[in-house]
Amino acid sequence: MKGPGAARADAYVPAPRSLLVALGFLGLLLVLAALPVAAQDATQEPAYRNFPLIGSRLAVWAVAQLHLNFAAFILGVPIFAVIIEIIGWRTGEARYDWLSHEFVKLTFAAFSTTALLGALLLFLFVGYYPKFWTYMTSIFFPTYWVYALLFFAETFTVYLWYYGWDWLGGSRKWIHVGLGVLSNLFGTAILVVANSWVTFMVSPAGITESGALKGGVWAAINNYTWMPINIHRLIANIVFGGTIAAAYAAFRFLSAKTDEERARYDWMGYVGNFVAVSAFIVLPFAGYYLGREIYAFNQTMGITMMGGFMSWLWIIQAILIGVLFIGSNYYLWLGMERIPGSERYRKYVPYMLMVLAAGFIVWATPRSMVITLEEARAMGGTHHPVLGFLGVMSAKNTAVNLMILTTFLSYILYRRANRLSTRSWVGTGMAVQWAAFGVAATIVVFYGIYGYFVESIVRIGFSVYQVLAVLGAIAVIMAIDIPMFRGARSTGTIRWGTIAPRSQYVLILLAVTFTWLMGLMGFARSGIRQHWHVYGVMRDTSVDAVTPALGYAANMITIVTMAFFALVMFIFWLGGLAERGKAEANGHAAAPVIAGGSEGRP
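Residues numbered from 1 in each chain as written. Predicted model: local features only at pLDDT ≥ 70, side-chain atom pairs only at ≥ 80, totals over all residues. Heavy atoms only, no water.

A count of helices and strands for the protein chain gives 18 helices and four strands. Across the 602 residues that make up the protein chain, the buried fraction comes to 53%. Sequence separation of at least 24 residues holds for 85% of the intrachain contacts in the protein chain that already meet a minimum separation of 6. Summed over its atoms, the accessible surface of the protein chain is roughly 25,800 Å², and 69% of this surface lies on carbon and sulfur atoms. (Helix = DSSP H or I, 4+ residues; strand = E, 2+ residues; numbered from the N terminus. Buried < 20%, exposed > 50% of the residue type's maximum accessible area, 1.4 Å probe, protein only. Contact = heavy atoms within 4.5 Å. Areas by Shrake-Rupley, 256 points an atom, 1.4 Å probe, with all protein chains shown as cover.)

Below, the structure written as structure tokens:
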């Protein structure tokens, strides 16, 4: 078996051209940032230009969403790549180092694409929305330089991290891990800076009534939705990166020619999905925080989002979230079939499926129905006399928290599927764990029902108690589970690569669903501004100054999602093609063998 160093010698190496592309984008940004704002006289230059055929709004929308998808991927993947590298460094197991290297290699495939799309988006803003660009530059000009310098620092740090993988091994591994951590800090800082521009458009701050900057640029950056978006996007990017990495592993699994390859990419897919599900469990809580701050900034905007023309958008979101929950659990249940000893837990699967299905139904139930006048008269109004009670947030918060608890239970059962604890206190430990599940579920249900008997302002606060109960239960259960199963007796090795092929299609489905969901939520965040470039400050007076209907938006998001995955699949195919060519030339598979057993888990 070849060592990890030899494995990487035969692996696909991204072309240095992507570095030139990234630096070219950096140079473009510096040149445009250096342009004097005064030179852009709004009285002589048109406020808008029309993009041929599809219009300026669709052009910006499509390019911005594609850019954000790739940017989310290259930010999210390195975060868990460096964590996996640290695990391999501390345990000395080569397969973790190989897996981390594989994940970082994926980011290189998307790095130059992200930079190119970012440059194209910049051209569109400058050329087709010059007045808007001039105004945003007058507010955020100093941050352009910060963004450019951070991009410069991240580019060189990531390249040194990747190409110095073997050179900085052994006793110098801590330096290499430090580069990984540093590249993630730079990437996160880039996200934070860019978020200030986006959130200022939704919840402007630090400006006068006329829109002029006052109190320095920090006041504009630190607006109502800046920090909630930072948290929400960071977690979402980790989920997104995990789902795309798992989809890549599924693609390689389905095209594998040997059992060794299937085992390797089965494990990689499991790790990617594990990271995605772990972050996805806490993502709804970050969404609650963002929604609360939108209401705090402007209640009219919040009502438009949740109770106005966008209210049915959340029904679509509910269906997508239901697919993510059920799909993630289904993948874990299929994975248990490759683990000897998991038979004792499969009897719980039907009950967990019933909870997930019931939660899905409640989460997707609308408050008001799209019905005819005759149907409304028969029901006595637009609210169904029974199902209407399931359309309010008390029911939906209860449903989603119970779905999160059920998903966490699926992971716990998977984690211990082929392990038997040898601790003397195992009975007590498991009793405490089940009690924690029961207490959390009771608190969630209690406040869900009690919410129907209090005012809405009080009901909103109940979601905090439900969230704390779920997070508290997760913390208590894991604090017991980790020591309880340390050194546990194994009932058999995990048979990596023997999972049913349909599981890999589930991983691809999860990636597509979450990508579509990201586009939908991006539309919701931007759409609540309606006919404003900057809400309440700079009005959109172009011919596109109207919020599109949900059907129109859904079609647009679908087209962008298809374009994104066409590009991603092409990148995956190129990477696999290069690897197969090099492997055939050297006569061996370029990766370590993935061992079975409980060590195969993250």
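This part covers the confidence of the model for the protein chain. Regions with low pLDDT should not have their predicted coordinates read in detail. Chain-level statistics for the protein chain give a pLDDT mean of 83 and a share of 86% at 70 or above. Looking across the protein chain, the model is least confident in helix 1 (residues 4-9), with a mean pLDDT of 40, and most confident in helix 15 (residues 426-450), with 94. Under a pLDDT of 50 for its full length, residues 1-21 has, in the predicted model, 37 contacts with residues more than four places off or in other chains. In this model residues 585-590 is a low-confidence stretch, pLDDT under 50, and it forms ten contacts with partners more than four residues away in sequence or in other chains. (pLDDT = per-residue confidence, 0-100.)

With that settled, consider the packing of aromatic side chains. On inspection of all chains with the given rule, the structure shows 43 aromatic pairs. Each ring, one from Phe152 and one from Phe156, has its centre 5.0 Å from the other, and the planes form 50°; the classification is tilted. Of this pair, Phe152 and Phe156 are both found in helix 5 (residues 130-163), four residues apart, which corresponds to roughly one turn of the helix. Relative accessible area serves as the criterion here: at 40%, Phe152 is assigned to the partly exposed category. Its relative accessible area of 39% is what places Phe156 among the partly exposed residues. Within the aromatic cluster, the residues linked to one another by ring pairs are Phe70, Phe240, Phe280, Phe325, Phe514, Phe564 and Phe565. (Phe/Tyr/Trp six-rings, centres within 6.5 Å; stacked < 30°, edge-to-face > 60°.)

Moving on, we get to the environment of Pro483. Structurally, the position occupied by Pro483 is in helix 16 (residues 456-484). If we ignore the near neighbours within four places in the chain, the residues touching Pro483 are Arg423, Trp425 and Met478.

Here we take up the packing of helix 8 (residues 226-254) against helix 9 (residues 259-297). Packed helices, taken two at a time, are described by the angle between their axes plus the distance between the axes. In the contact formed by helix 8 and helix 9, the axes pass within 7 Å of each other and the chain directions differ by 160°. Taken together, the axes of helix 8 and helix 9 lie roughly antiparallel to each other. Here helix 8 runs over helix 9; the crossing is left-handed. Across the contact of helix 8 with helix 9, the residue classes tally to 23 nonpolar, seven polar and five charged. (Axes fitted to C-alpha atoms, helices over the stretch in contact; angles between N-to-C directions. Parallel < 35°, antiparallel > 145°, perpendicular 65-115°, else oblique. Left-handed = near helix turned anticlockwise from the far one by under 90°. Nonpolar A, V, L, I, M, F, W, Y, C, P; charged D, E, K, R; others polar.)

Along the chain, Arg233 turns up in helix 8. Buried charged residue Arg233 carries no salt bridge. Nearest counter-charge: Glu154, at 14 Å. Only 2.7 Å separates the side chain of Arg233 from the side chain of Asn195, close enough to count as a polar contact. Not counting chain neighbours up to four residues away, the residues in contact with Arg233 comprise Leu68, Leu191, Asn195, Val198 and Arg525. (Lys, Arg positive; Asp, Glu negative; His and termini not counted. Salt bridge = Lys/Arg side-chain N within 4 Å of Asp/Glu carboxyl O. Polar contact = N/O pair within 3.5 Å; in protein donor to acceptor, adjacent residues only side chain to side chain.)

With 132 residues, the main nonpolar core has Phe103 and Phe514 as its most contacted residues. Top element by residues in this core is helix 9. It accounts for 17 residues. Judged by nonpolar contacts, the second largest core, of 23 residues, contains Val60, Ala64, Leu122 and Tyr129. (Core = buried A, V, L, I, M, F, W, Y, C linked by side-chain atoms within 4.5 Å.)

If you walk through the whole model with that rule in mind, you get nine salt bridges. Here Asp259 makes a salt bridge to Arg262, at a shortest N to O gap of 2.8 Å. With Asp259 and Arg262 both in helix 9 and three residues apart, this pair spans about one turn of that helix. The salt bridge partner of Arg415 is Asp481, with a shortest N-O separation of 2.8 Å. Here the residue Arg415 occupies a position in helix 14 (residues 393-415), and Asp481 occupies one in helix 16, the gap between them amounting to 66 residues. Both residues of the pair, Arg415 and Asp481, count as buried.

Over its 29 residues, helix 8 runs 41 Å from end to end, which matches the ideal 42 Å to within 8%, given 1.5 Å per residue. In terms of residue burial, helix 8 counts as a mostly covered element, since 24 of its 29 residues are buried. (Expected span 1.5 Å × (residues − 1).)

As a packed pair, helix 6 (residues 173-202) and helix 8 sit with axes 9 Å apart at the nearest point and diverge in direction by 130°. With respect to helix 8, the element helix 6 is oriented oblique. Helix-helix and strand crossings are classified by hand; for helix 6 and helix 8 the assignment is right-handed. In this structure, helix 6 uses Thr188, Leu191, Val192, Asn195, Ser196, Val198 and Thr199 to contact helix 8, whose residues at the interface are Trp226, Ile229, Asn230, Arg233, Leu234 and Asn237. Residue classes in the contact of helix 6 with helix 8 are distributed as six nonpolar, six polar and one charged.

On to the environment of Ala440, then. Checked against the element boundaries, Ala440 lands in helix 15. Once the C-alpha coordinates of Ala440 and Leu468 are considered, the two residues, 28 residues apart in sequence, prove to be 8.8 Å apart. Excluding residues that lie within four positions of it along the chain, Ala440 makes contacts with Leu405, Ala469 and Ala473.

A few words on a nonpolar patch on the surface. Together, Phe389, Val445, Phe446, Ile449, Tyr450, Tyr452 and Phe453 make up a nonpolar patch on the protein surface, roughly 730 Å² of accessible area in all. Position of Phe453 among the secondary structure elements: in the loop between helix 15 and helix 16. Judged by its relative accessible area of 66%, Phe453 falls in the exposed class. (Patch = residues over 30% accessible without salt bridge, like charges linked within 9 Å, V, L, I, M, F, W, Y side chains within 5 Å.)

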